[in-house]
Amino acid sequence: MDKYNYFKQGGLRPSEEQSLHTKEFYHNAGSIYARFNEWKDKDEFYFIPLYMEMTYSMGWVAEIAPDPVWLGSFIRCNLEHPELFEIKCPGCKNAVYPFRYVGSPLSGRVDLEFECKCGKKGYEIVSGWRIRANVLRDQMASDNLRYRKFQLLHSKSECSIASLLDFLG
Ligand SMILES: [Zn+2]
């Protein structure tokens, strides 16, 4: 039983490579967040596609935003809405940002998955699925014109988290 397929009715599933891509983001989310200002103006990094696997607890799956979610839009949205997306680490009490949201539009529950510099990782359960979905969708909509321009100029280029990490050194 493939929940993701069920959820992506009529849509394409992310390839193995695209999923790995997204996992690479999860593993490096700390430095990607911390150095947002250094790469946010570079379209080839801003528009790295993420496939968020937003699972839904009732046996089916809902998406908080249509795939792919652009890396830059995702990070910007989280940084600009700390009241929605910032979590206080249960270990060291520092602020951490999630690298993934999982939740339900019906119950409104959202699990924000995070990993802190102190090594603590886990989920923070909050409510307000719809407001978070709307904020992320609005961010993507406002980045859409920039994306179209980027596509016109670089339709063939596919950027990766690995190249972003190289850039950050
Ligand atoms: Zn911590």
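Residues numbered from 1 in each chain as written. Predicted model: local features only at pLDDT ≥ 70, side-chain atom pairs only at ≥ 80, totals over all residues.

## Side note on the nonpolar core
Within the largest apolar cluster, 33 residues are counted, with the highest numbers of intra-cluster contacts made by Phe25, Ile48, Leu50, Val69, Trp70, Leu71 and Phe74. Within the residue set of this core, elements represented by two or more residues are helix 2 (16-34), helix 4 (43-46), strand 2 (69-70), helix 5 (71-80), strand 5 (100-103), strand 6 (109-115), helix 7 (129-153) and helix 8 (161-168). Once residues within four sequence positions are removed from consideration, Leu71 is found in contact with Phe25, Phe45, Tyr46, Ile48 and Leu50. (Core = buried A, V, L, I, M, F, W, Y, C linked by C-beta atoms within 7 Å. Buried ≥ 20, exposed ≤ 12 C-beta atoms within 10 Å, placed from the backbone. Helix = DSSP H or I, 4+ residues; strand = E, 2+ residues; numbered from the N terminus. Contact = placed C-beta atoms within 7 Å.)

## A few points about the environment of Lys88
Residue position: Lys88 is located in strand 3 (residues 87-88). Note on Lys88: 12 C-beta atoms within 10 Å, which makes it exposed. Look past the residues within four positions of Lys88 in its chain and what remains in contact with it is Lys93 and Ala95.

## Thoughts on the confidence of the model for the chain
A residue-level look at the chain finds 84% of positions with pLDDT of 70 or above and a mean pLDDT of 82. The weakest mean pLDDT in the chain belongs to helix 1 (residues 3-7) at 35; the strongest belongs to helix 3 (residues 36-39) at 97. Across residues 1-10, where pLDDT falls below 50, the model places 13 contacts with residues more than four positions away in sequence or in other chains. (pLDDT = per-residue confidence, 0-100.)

## A look at the sheet that holds strand 7 (residues 121-127)
Judged by pairing direction, the sheet is antiparallel, and its three strands sit side by side in the order 5-6-7 without closing on themselves. At either end of the open sheet lies a strand with only one pairing partner, and these are strand 5 and strand 7. Adjacent strand axes in the sheet meet at a mean angle of 25° when their direction is disregarded. Alignment of strand 6 against strand 7, held across seven bridges, turns out to be antiparallel. Across the sheet, residue Glu115 finds its bridge partner in strand 7, namely Lys121. (Pairing = 2+ DSSP bridges. Axes fitted to C-alpha atoms, helices over the stretch in contact; angles between N-to-C directions.)

## Brief notes about the pairing of strand 6
Remark: a regular strand shows side chains that alternate across the two faces of the sheet. Burial along strand 6 is one-sided: the residues Val110, Leu112 and Phe114 are buried and none of Arg109, Asp111, Glu113 and Glu115 is. Bridge analysis of strand 5 against strand 6 gives four bridges, and the strand direction is antiparallel. Paired with Gly103 across the strands is Val110, a residue of strand 6. Here strand 6 hands over to strand 7 after five residues, with Gly119 in that stretch at a positive phi of 105°.

## Some words on helix 2
Taking 1.5 Å as the rise per residue, helix 2 with 19 residues should run 27 Å; its terminal C-alpha atoms sit 27 Å apart, in good agreement. Turning to helix 2, its buried residues are His21, Thr22, Phe25, Ala29 and Ile32. Contact partners of the buried residues in helix 2: strand 1 (49-50), helix 5, strand 6 and helix 8. (Expected span 1.5 Å × (residues − 1).)

## Digging into the packing of helix 5 against helix 7
One can describe the packing of helix 5 onto helix 7 by two numbers: an axis separation of 9 Å at closest approach and a directional angle of 130°. The pairing of helix 5 with helix 7 is recorded here as oblique in orientation. Between helix 5 and helix 7 the crossing geometry is right-handed. Facing Gly72, Ser73, Arg76 and Cys77 of helix 5, the residues of helix 7 in contact are Val135, Leu136, Gln139, Met140 and Asp143. By residue class, the composition of the contact of helix 5 with helix 7 is four nonpolar, three polar and two charged. (Parallel < 35°, antiparallel > 145°, perpendicular 65-115°, else oblique. Left-handed = near helix turned anticlockwise from the far one by under 90°. Nonpolar A, V, L, I, M, F, W, Y, C, P; charged D, E, K, R; others polar.)

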